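Residue-level listing of the chains:
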Amino acid sequence: MNRTRLCLYPNQDVVSGDDLQKAEYFVESFSRICKIPDINDFLEYGTAVQILSLGKKIGAEKKKEYNSFLAKNFVLFLDENIADVVSGISNIYINLFWSFFDKFHMYKKMKPEVFYDVLERNRKQIVYILQYNNIVKYFNNIFVRFIKEYDTLDEEIIRNLLVAKDKICNMYLPEGLEPADYQTVFQRYVDSANPRNDLLRLMIESRLSFPYEISDTIKLAALKKKKIVEENILKSDTAKGIVLEVIFKKLPDNKVYDEEYKDGNYKKYYDSDWLNSEVDFSTIMNNFIYIFQYIDMFGQSTFPARFSKMGVLERLIGYHSGKDYIKGFTFDTTETFQSMSLKGYIDILRGHNIRIEEVIQWFFSTYLPSEFNIEGFRFLAPSDQSTLPDKIRAIFSEIEAVRNQFDLYVQYGEINHMILSFSSKPKRISQIGSLLSDKYLYINEELSDLTKECSLLFSSQSPLLCNGSLNENDKNFSQMINKRSINKDAYQNIPIYLDLLYWLENRKAISILDNGIIKPNNNRLKILYCLFEDGVICPYYSPFQEKPMLDIINQLIKSKELIPESSLFNRDESAYLDYILNKAEFLNSRDLRNKYIHGDYPSDSAEQMQDYLTALRIALLTVIKINEDIRLFTENNQS
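From a predicted model like this one, the values you see are computed outputs, not experimental measurements. (Residues numbered from 1 in each chain as written. Predicted model: local features only at pLDDT ≥ 70, side-chain atom pairs only at ≥ 80, totals over all residues. Heavy atoms only, no water.)

Undergrad: Can you help me understand the packing of helix α10 (residues 154-162) against helix α12 (residues 197-205) in this one?
TA: In a packed pair of helices, the relevant descriptors are the angle between the two axes and the axis-to-axis distance. Interaxial distance between α10 and α12 falls to 11 Å at its minimum, and their mutual angle equals 55°. In terms of orientation, α10 lies oblique with respect to α12. Like other packed secondary-structure pairs, α10 and α12 cross with a definite hand, here left-handed. Along its contact with α10, which presents Glu155, Ile158, Arg159 and Leu162, the element α12 presents Leu199, Leu202 and Met203. For the contact of α10 with α12, the residue count by class is five nonpolar, no polar and two charged. (Axes fitted to C-alpha atoms, helices over the stretch in contact; angles between N-to-C directions. Helix = DSSP H or I, 4+ residues; strand = E, 2+ residues; numbered from the N terminus. Parallel < 35°, antiparallel > 145°, perpendicular 65-115°, else oblique. Left-handed = near helix turned anticlockwise from the far one by under 90°. Contact = heavy atoms within 4.5 Å. Nonpolar A, V, L, I, M, F, W, Y, C, P; charged D, E, K, R; others polar.)

Structure (structure tokens):
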């Protein structure tokens, strides 16, 4: 058959007029055939009926008549040659075949041994079959037998158990599988020739309970296999990526910071003259804000991973569990640069007999009492002679104590160490309070309009970019209408996009002038951009305190589209700290605090150095956030 067959894509709910016309013709032609043709013609007929139903070309009675015809004739394929019939099904109709097999209860008309023969000869189709619970239940013993004998489904079973449900198709497992059968599947997958690195990681981090619990022996084998897989990746051409460099040198034109990306090399430069000449403790702390950029201009930390910083492919490729901390290339790159720059800055300060830990101790012991008249904070810097594990252990312990001290100060206006000694229950990082009321504002996820508005304006996938005026420098619709005069007539041939424009105008994100030119309402867009990029805003920063923007914010709070919360760290910062420090939230957590406090840290000195730099970064971020909270509170004269 030379013509293109009728087909529907998964979840397709709109059909073209051309397809409707073809479907009508096909159904009419097919109904005149006396003898049932091959399986693909039959399934195309079923597809044509679905197309007509989607296009509302047939009513309920007619659809019932067609389905009756399908059910009556489907059984004619279930003879001794059924395995050959299934083998001949076109890829575009495989799922439809098994959906009919389930819908018309054809499994009840097939002998178990015949069905097993179908499985053996059509192993690639089993993933589709497992989407139908009735079939799996009816042939429970057959599926158990197949899984024991063949490794075909090993990866699918592991994905079903470990991967976040929004990343996989629904799949039912036979109830007859025993715990030992699952262990066989796990071990067989680890021993296979090409296991996926991300699935091996999920197996290692798994907290599955009986009967799916992965044994420690298999986890160890998965860890060893994962290292082999990673070594092979590093040896391959696909591992070639950009080279990151941090360079400290004298910079021209009074610059203290610069960066360059060229030919796969990404370099960051820091002015060594400035860093060597300005070594008072206050300036050193400020350098982590303004030069090394531990927080952005609106007070949000640059450490956490953000969905807005991930590319489209990053969001789609790879498996993760529903309890993973999702990172991405930007996160890894930022972390690498910050660790490299911190290591270089430590070396510079050592030339002046200054240690970062001493600067942190000075902040609590000297700066807070002298600048804000706040007494009682304790941070004891580890000695320079301590080993790296001892330094890391001390920093994590001291910074945890500092968080608790700050929370006590928020509650009582003073730090009473006797009260702290009474508390035996650890406090979650997200529960550490703030002196500021309504410090952070988040989009209310239960109301979808603000999320939709942000996506239309700032997403690189916004449909409003499709207007014929797009150029390669346009990252989003907001940028497009700020750069050039875009007329609503550009969307005239696509009514649904024109409706989106009027919707944005109704939301007061844009204005459409009498001549059709689209103008951005930039006060609102500045707020929404921060929400899109950071997922949060702190309204105490100056741009949000200006009356036009403050009025917009207050209206969004009043309409409950923004939810106010008060805490030392915002949600993303708390999640990041949980990811680094403990296993409370994420299966793939680094769990550094517990590893060092309980003596389960790596023996490799290079790994210890990286963990030390991470511990220092977290300590510095904590200092910056505490200082920010106290400063903003003081400036706003809150009681």
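Undergrad: Looking at this model, I keep getting lost on the nonpolar core. Mind explaining?
TA: A general trend in soluble globular proteins is that nonpolar side chains are found buried together. Ranked by size, the top nonpolar core spans 116 residues in total, and within it Phe288, Phe364, Phe477, Leu501, Leu504 and Phe544 carry the most contacts. Top contributing element to this core by residue count: helix α29 (residues 605-635), with 14 residues. Excluding residues that lie within four positions of it along the chain, Phe477 makes contacts with Leu456, Leu457, Ser462, Leu464, Leu465, Tyr491, Leu501, Leu504 and Ile518. Residues Ile89, Ile142, Tyr150 and Val190 belong to the second largest nonpolar core, which totals 78 residues. (Core = buried A, V, L, I, M, F, W, Y, C linked by side-chain atoms within 4.5 Å. Buried < 20%, exposed > 50% of the residue type's maximum accessible area, 1.4 Å probe, protein only.)

Undergrad: Where do I start with the sheet that holds strand β3 (residues 265-271) in this structure?
TA: Neighbouring strands of a sheet are bound in pairs by backbone hydrogen bonds; such pairs are parallel or else antiparallel. Read across the open sheet, the three strands follow the order β1-β3-β2; overall the sheet is mixed. The strands lining the two open edges of the sheet, one partner per strand, are β1 (243-249) and β2 (257-262). Averaged over all pairs of adjacent strands, the angle between their axes in this sheet comes to 15°, without regard to strand direction. (Pairing = 2+ DSSP bridges.)

Undergrad: Before we go on, may I ask you to explain the packing of aromatic side chains in this structure?
TA: In this description, an aromatic ring pair is defined by two values, namely the gap between the centres and the angle between the planes. Within the structure shown, the criterion is met by 52 aromatic pairs. Considering the side-chain rings of Trp362 and Tyr367, the 5.5 Å spacing of their centres and the 45° angle between planes classify their relative orientation as tilted. Take Tyr367: its relative accessible area is 18%, and that puts it in the buried class. Directly above the aromatic system of Trp503 lies the positively charged group of Lys452, at a separation of 4.2 Å from the ring centroid. Sitting above the plane of the Phe303 ring, Arg617 keeps its charged end 4.2 Å from the centroid. (Phe/Tyr/Trp six-rings, centres within 6.5 Å; stacked < 30°, edge-to-face > 60°. Lys NZ or Arg CZ within 6 Å of the ring centre and 35° of its normal.)

Undergrad: I'm lost on helix α24 (residues 522-534) in this one. Help?
TA: Helical geometry: 3.6 residues make up each α-helical turn, so side chains three or four residues apart lie on a common side. Between its first and last C-alpha, α24 extends 18 Å over 13 residues, near the 18 Å set by a 1.5 Å rise per residue. When α24 is considered as a whole, its buried residues turn out to be Arg524, Leu525, Ile527, Leu528, Cys530, Leu531, Glu533 and Asp534. (Expected span 1.5 Å × (residues − 1).)

Undergrad: I'm lost on α12 in this one. Help?
TA: The buried fraction of α12 amounts to seven of the nine residues, a majority that puts the element mostly inside the structure. Taken together, the buried positions of α12 are occupied by Asp198, Leu199, Leu200, Arg201, Leu202, Met203 and Glu205.

Undergrad: Sorry, what's going on with the side chain of Arg306 here?
TA: Position of Arg306 among the secondary structure elements: in the loop between α15 (281-290) and α16 (312-316). When its relative accessible area of 11% is taken as the criterion, Arg306 is described as buried. Among all residues touching Arg306, those that are not within four sequence positions of it are Gln300, Ser301, Glu533, Asp534 and Asp572.

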